[in-house]
Amino acid sequence: QVQLVESGGGLVQAGDSLRLSCAASGRTFSNYAMGWFRQAPGKDREFVAAITWNGAYTYYPDSVKGRFTISRDNAKNTVYLQMNSLKPEDTAVYYCAAARTPYSGPRTIAAGTDFGSWGQGTQVTVSS
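Engineer: Mind showing me how you'd approach the pattern of salt bridges here?
Structural biologist: When the charged atoms of two side chains with opposite charge come close together, those side chains can pair. Throughout the structure, instances matching the rule amount to four salt bridges. Here R38 makes a salt bridge to D90, at a shortest N to O gap of 2.9 Å. Pair noted here: R38 is in strand β4 (residues 32–39) and D90 is in the loop between β8 (78–83) and β9 (92–102), with a separation of 52 residues, a long-range link. Taking the shortest distance from any N to any O, the salt bridge between R67 and D90 comes out at 2.7 Å. Pair noted here: R67 is in the loop between β6 (58–59) and β7 (68–73) and D90 is in the loop between β8 and β9, with a separation of 23 residues, a long-range link. One exposure class covers both R67 and D90, and it is buried. A cluster of three or more residues bridged by salt bridges with shared partners is formed by R38, E46, R67 and D90.

Engineer: What is the right way to look at the pairing of β7 in this model?
Structural biologist: Within a regular beta strand, the side chains point alternately toward one face of the sheet and then the other, so they alternate between its two faces. Side chains F68, I70 and R72 of β7 all project onto a buried face; the interleaved residues T69, S71 and D73 project onto a face where none is buried. Where β7 and β8 come together, six bridges link them in antiparallel fashion. Its bridge partner being in β8, F68 is matched across the sheet by M83. Between β7 and β8, which pair antiparallel and follow one another directly, the connecting turn spans four residues, one of which, N77, has a positive phi of 55°.

Cut-offs used in this document
Residues numbered from 1 in each chain as written. Predicted model: local features only at pLDDT ≥ 70, side-chain atom pairs only at ≥ 80, totals over all residues. Heavy atoms only, no water. Salt bridge = Lys/Arg side-chain N within 4 Å of Asp/Glu carboxyl O. Helix = DSSP H or I, 4+ residues; strand = E, 2+ residues; numbered from the N terminus. Buried < 20%, exposed > 50% of the residue type's maximum accessible area, 1.4 Å probe, protein only. Pairing = 2+ DSSP bridges.

Structure follows, in structure tokens:
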């Protein structure tokens, strides 16, 4: 069972940047894709980024493409989400997620449905 711990959230102004981190433990981190999701009050959970096990492929929905960057350091068992040009509509609790299936490829990560382990979340608030 994988354990995930997010950090790096906070209160920022529109246009600012934040970098979220997610430390993983409990299984071989480098074998699994990782993702980031977010959920704003009263809204459904939204898939915002994913990266394959080897970092070769990433996926972003249009809502964050060009502003968010997901990366991973397999030596540190950590995945990151760099968020630039933040907007008030980016305000949400951000969750790190780990894939159920090892070595999943680009099409699988883009579907966003293979993630089965979640962190506790970190709050990101963007003021206007």
